[in-house]
Number of protein chains: 2
Amino acid sequence: MPSIPLTPLVNGLPSTVPFVGPEALERQRGVAFKARLGANENGFGASPNVKKTIAEAASEVWKYCDPENHDLKQALARHHDVRPENIAVAEGIDSLFGYAVRMFVEPGIAVATSLGAYPTFNFHVAGYGGRLVTTPYVADREDPKSLLDLAKREKARLIFFANPDNPMGSWWPETAVTELIGSIPDGMVLILDEAYGEFAPFGTLPPLDLDNPKVLRFRTFSKAYGLAGARVGYVIGEAGVVKCFDRVRNHFGVNRLGQAAALAALADQAYLRDVIAKVSRARERIGAIAHDAGLRSLPSATNFVTIDCGGDGAFARSVLNGLIDRGIFVRMPGVDVLNRCIRVSVAPDNELDLFAEAFPQVIRSLR
Amino acid sequence: MPSIPLTPLVNGLPSTVPFVGPEALERQRGVAFKARLGANENGFGASPNVKKTIAEAASEVWKYCDPENHDLKQALARHHDVRPENIAVAEGIDSLFGYAVRMFVEPGIAVATSLGAYPTFNFHVAGYGGRLVTTPYVADREDPKSLLDLAKREKARLIFFANPDNPMGSWWPETAVTELIGSIPDGMVLILDEAYGEFAPFGTLPPLDLDNPKVLRFRTFSKAYGLAGARVGYVIGEAGVVKCFDRVRNHFGVNRLGQAAALAALADQAYLRDVIAKVSRARERIGAIAHDAGLRSLPSATNFVTIDCGGDGAFARSVLNGLIDRGIFVRMPGVDVLNRCIRVSVAPDNELDLFAEAFPQVIRSLR
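So, how was this worked out
- Residues numbered from 1 in each chain as written.
- Chains lettered and ligands numbered in written order.
- Predicted model: local features only at pLDDT ≥ 70, side-chain atom pairs only at ≥ 80, totals over all residues.
- Heavy atoms only, no water.
- Helix = DSSP H or I, 4+ residues; strand = E, 2+ residues; numbered from the N terminus.
- Contact = heavy atoms within 4.5 Å.
- Pairing = 2+ DSSP bridges.
- Axes fitted to C-alpha atoms, helices over the stretch in contact; angles between N-to-C directions.
- Buried area = accessible area lost by both parts, 1.4 Å probe.
- Salt bridge = Lys/Arg side-chain N within 4 Å of Asp/Glu carboxyl O.
- Polar contact = N/O pair within 3.5 Å; in protein donor to acceptor, adjacent residues only side chain to side chain.
- Nonpolar A, V, L, I, M, F, W, Y, C, P; charged D, E, K, R; others polar.
- Buried < 20%, exposed > 50% of the residue type's maximum accessible area, 1.4 Å probe, protein only.
- Least-squares fit on C-alpha atoms with pLDDT ≥ 70 in both.
- Left-handed = near helix turned anticlockwise from the far one by under 90°.

Undergrad: Which residues make up the side chain of Asn69 of chain A, and what are the values?
TA: Looking at where Asn69 of chain A falls in the secondary structure, it is placed in the loop between α3 (48-57) and α4 (70-80). Excluding residues that lie within four positions of it along the chain, Asn69 of chain A makes contacts with Val89, Arg249, Val254 and Gln259 of chain A.

Right under this line is the structure:
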């Protein structure tokens, strides 16, 4: 067999994937999940306008999407009161993380994140040969002070901070984030993941500072807007650094239906507000279900609730498996201390009914 | 202003884009094109089943796509009579070219292609620091012999060959491609771009050899299947090398509607055959329009026709601008000798009517 002449970097990469999809679990188990509560999707769905828009756009799916994503950038600029030059759009927030890592990281460059934070970002850091350095969560939150100290000590070029955070659902007030931003030294860039930003209480997201190339703020249509399948994300930042995404991005990468869907979703802010209210109520219900089972749920500024199962990682894994066995798809954090928890995405009541039935059964069966 | 700590590689990249979209030209001109004949899209559109499928899938756009693209890989495997392990799916053929380049190319590694061949592939080679070496087209075809000689001489790791070719529409019979494949030395990989393969005459595409990791064959749903806006491409190859795409790909990158659309398109082979027949007739019509204007069109195995404008690059540019001024979007090759031509994508008769009217006017006005 001839050799496969991979680069040394790619030759050294594992073939592991950041997440196993629920569909793979369904295929393994031979049965579909009854409740899809694991991927932090928005089970309330997208705006009805989105569905109409997609159906209409279907007749033009033979056309490539505008590679400049002009209309969506204009609409986002109006929405955020910035200029279109401050926005880069791409095929999902994951691809934007990949582009950002590619722009700044080469073999040996350090990147600082929290131990247990978003795995797909780490996947990209490994993929470009970066040296990932981590600091633990403190009281189930990413800790901006120790993260910054670590980044400075290790001369990190990137520092990843999610606010609100996944997988714990925790968050910091804008004052703490503003302080972090103000402390980023020259030569370092803050990757500020605000994928769950729309769900956060007022006073969580700092105002946009478009003169500072040391901060890139990542947003997505996958969560609050209910468009995970559409693959549309964007980054907001200083125009010069945002322009650099043009050097590496897949220019025709955004799906034409996805762009149309994102435009329709953005235009329906009334629906967004309604979804956010529903998400808030669903969070409370998940919290109550945990409480009724004698367990504590963590406060959440996201569309999921992290439940402390009250034991170690093995116990939480048993809870997760018990739920999966009962047809309820959930996920859990991957590292110690955090992995005493499971993570339950909000969903409409019919799915939470199933969770409410299964969860106490699982807990009882394990006690 | 703080510095932007790009890697030296990205710092040295130009901000140029491989293609300007028709939408950007429309915005510049302040008026929409009347005929969209420039991007080699399929103006006959996707199967009606695709439109129905997309409209139905719209209500599930809140779900991420299966990151293993299981169903589509199964269907493609059946279609091509290969195993699913021989197929990797991604968000468009351009992203697959990017992944392939990333897998094999690092700064200084040589990559061989034909001067004037697909610019987006070159964009990725530059993006990963590869050293692009080129050999000219011979008689408006990529020349496999000189390409292979060049690649061997320059110790290239990748060799790009499109069959059929874009932008000239030319092609080689499978015997020539099989000979090229058989001559690839160990340590080199052939990037065989078959984006237009469905349009080619029988005997153009060599049989699939799934034991040879030195050949990767790239296919797309953007052309014959009429799904350019859906961003679904795939690569066929030996299972071991195909598996390596998992190390670098954007696992959740495929749009859920795109995957559903691709499945529906693949299932409607009768529609595909009908489109291919329509494309063939439209090619003949474009050829006749050129002939009537006293010009020669090149034989084409694709969904476009390259017209030799009978002068130099500046003259062809004037023809192109004249068409654009009349609301007809076309493109042209970018390098000398080839750039004596313009490239006209097939389209339904109502758009070709406009081309038939405008083209002789433009030619007359320039003579």
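Undergrad: Go over the sheet that holds strand β12 (residues 341-345) of chain B with me, naming the residues and quoting the values.
TA: Residues and elements named next belong to chain B. Read from one edge of the open sheet, three strands run β9-β10-β12, paired in antiparallel fashion. Each edge of the sheet is formed by a strand with only one pairing partner; in this case those strands are β9 (296-297) and β12. Against the sheet, helix α11 (residues 269-292) makes contact with β9, β10 (304-308) and β12, and its axis sits at roughly 15° relative to β10, the strand it touches most.

Undergrad: Any details on the interface of chain B and chain A? Residues and values, ideally.
TA: Opposite the 88 residues of chain B that make contact, chain A presents 88 residues. The contact between chain B and chain A buries some 7300 Å² in all, and 61% of this surface belongs to carbon and sulfur atoms. Considering only the side of chain B, the residues that lose the most area to chain A are Trp62, Tyr64 and Arg247 of chain B, jointly responsible for 12% of the buried surface there. Summed over the shared surface of chain B and chain A, the number is six salt bridges. For the salt bridge of Glu23 of chain B with Arg256 of chain A, the shortest nitrogen-to-oxygen distance reads 3.8 Å. Linking chain B with chain A are 43 residue pairs in polar contact (both at pLDDT 80 or more), by the criterion used here. The element contributing the most residues to the side of chain B that touches chain A is helix α5 (residues 93-104) of chain B, with five residues. Of the residues belonging to the side of chain B that touches chain A, the class tally is 40 nonpolar, 24 polar and 24 charged.

Undergrad: Outline the environment of Lys34 of chain A, listing residues and values.
TA: All names here are of chain A. Here Lys34 lies in the loop between α2 (22-29) and β1 (35-36). Overall, the relative accessible area of 56% leaves Lys34 in the exposed class. For the pair Lys34 and Glu351, spaced 317 residues apart in sequence, the C-alpha separation works out to 7.4 Å. Beyond its immediate sequence surroundings of up to four residues, Lys34 is in contact with Arg326, Gly327, Glu351 and Leu354.

Undergrad: Could you give me a rundown of the relation of the copies chain B and chain A, with the residues and numbers involved?
TA: When chain B is fitted to chain A, the residual RMSD is 0.0 Å, and the transformation amounts to a turn of 180° plus an axial shift of 0.0 Å. These values place the two chain copies in the arrangement generated by a two-fold rotation axis. When C-alpha positions in chain B are compared against the rotation axis, the closest is assigned to Ala55 of chain B, at 2.2 Å. A high fraction, 100%, of the interface residues of chain B reappear at the interface in chain A, so the copies pair face to face through one surface.

Undergrad: Would you mind going over the packing of helix α5 (residues 93-104) of chain A against helix α6 (residues 119-127) of chain A in detail, with residue names and values included?
TA: To describe two helices that pack against each other, one gives the angle between their axes and the distance between the axes. Residue and element names in this part refer to chain A. Relative to each other, α5 and α6 sit at 35°, their axes nearing to 9 Å. As α5 packs across α6, the resulting crossing turns out to be right-handed. Facing α5, whose interface residues are Asp94, Phe97, Gly98 and Val101, α6 presents Thr120, Phe121, His124 and Val125. In the contact of α5 with α6, the residues fall into four nonpolar, three polar and one charged.

Undergrad: Give me the lowdown on the pattern of salt bridges, citing residues and values where you can.
TA: If you walk through the whole model with that rule in mind, you get 40 salt bridges over all chains. We note a salt bridge from Glu194 of chain B to Arg219 of chain B, for which the minimum N-O separation is 2.8 Å. One end of the pair, Glu194 of chain B, is in the loop between β6 (189-193) and β7 (215-220); the other, Arg219 of chain B, is in strand β7, and 25 residues separate them in sequence. Accessibility expressed as a relative area gives 7% for Arg219 of chain B, which makes it buried. Through salt bridges with shared partners, a single ionic network connects Glu23, Arg36 and Glu41 of chain A together with Glu60, Lys63 and Arg256 of chain B.

Undergrad: I'd like a rundown of the pairing of strand β10 (residues 304-308) of chain A, residues and numbers included.
TA: Residues and elements named next belong to chain A. For β10, a buried count of five out of five residues is recorded, marking the element as mostly surrounded by other parts of the structure. Judged from the two bridges that link them, strand β9 (residues 296-297) and β10 form a sheet pairing that is antiparallel. Residue pairing across strands places Arg296 opposite Asp308, the latter belonging to β10. What sits between the antiparallel neighbours β9 and β10 is a turn of six residues. Bridge count between β10 and strand β12 (residues 341-345): five bridges; the pairing is antiparallel. Note on β12: the bridge partner recorded for Ile307 is Ile342.

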